Amino acid sequence: MTQRRMPPRLESNAELAERVDALGRRLEQVERTLAAVTRDATGVSVAGPCASCQRSLLLVRDGVLECPACGHSRPL
């Protein structure tokens, strides 16, 4: 006898909303931590998202914007 696979359980809207809220809070924590770390690091700050890949925020070092994800860089 073959075993039937059960379809994946779909989450309710309330469960999804709770997960989205939790992820939003976690993202804010990471952003605050990153801002604090860059404030403490001499000569480094964080800018907006990379226009090339959108996968990372840009780092500003020595007058250059640099993406740690794709390596794209440009002078300020």
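Look above for the structure.
Keep in mind it's a predicted model, so treat the numbers as computed, not measured.

K.L.:
Is there a simple way to explain the overall build of the chain in this structure?
P.N.:
The number of helices and strands found in the chain is 1 helix and 4 strands. Secondary structure of the chain in N-to-C order comes out as α-β-β-β-β. For 76 residues, the compact-globule formula gives about 11 Å, and the C-alpha radius of gyration of the chain, at 20 Å, lies well above that figure. Projected onto its principal axes, the C-alpha coordinates of the chain cover approximately 65 × 25 × 20 Å. Long-range contacts, defined as pairs at least 24 residues apart, comprise 0% of the intrachain contacts of the chain with a sequence gap of at least 6. For the chain, the exposed surface amounts to about 6,700 Å²; the carbon and sulfur share of it is 55%. The chain carries 11 positive and 9 negative side-chain charges, and their two centres are separated by 7 Å.

K.L.:
What's the story with the sheet that holds strand β4 (residues 73-75) in this structure? I'm lost.
P.N.:
In a beta sheet, neighbouring strands pair by backbone hydrogen bonds and run either parallel or antiparallel. Reading across from one edge, β1-β2-β3-β4 is the order of the 4 strands in this open sheet, with antiparallel pairing throughout. Pairing within the sheet leaves two strands with one partner each, and these edge strands are β1 (44-49) and β4. Averaged over neighbouring strand pairs, the angle between their axes works out to 25° when direction is ignored. Two strands pair when backbone bridges link them, and strand β2 (residues 57-61) and strand β3 (residues 64-66) are joined in this way by 3 bridges, in the antiparallel orientation. Along β3, the bridge assignment pairs V60 with L65.

Here is what the cut-offs are and how they apply
- Residues numbered from 1 in each chain as written.
- Predicted model: local features only at pLDDT ≥ 70, side-chain atom pairs only at ≥ 80, totals over all residues.
- Heavy atoms only, no water.
- Helix = DSSP H or I, 4+ residues; strand = E, 2+ residues; numbered from the N terminus.
- Rg over C-alpha atoms; globule rule 2.2 N^0.38 Å.
- Contact = heavy atoms within 4.5 Å.
- Areas by Shrake-Rupley, 256 points an atom, 1.4 Å probe, with all protein chains shown as cover.
- Lys, Arg positive; Asp, Glu negative; His and termini not counted.
- Charge placed at Lys NZ, Arg CZ, Asp CG, Glu CD.
- Pairing = 2+ DSSP bridges.
- Axes fitted to C-alpha atoms, helices over the stretch in contact; angles between N-to-C directions.

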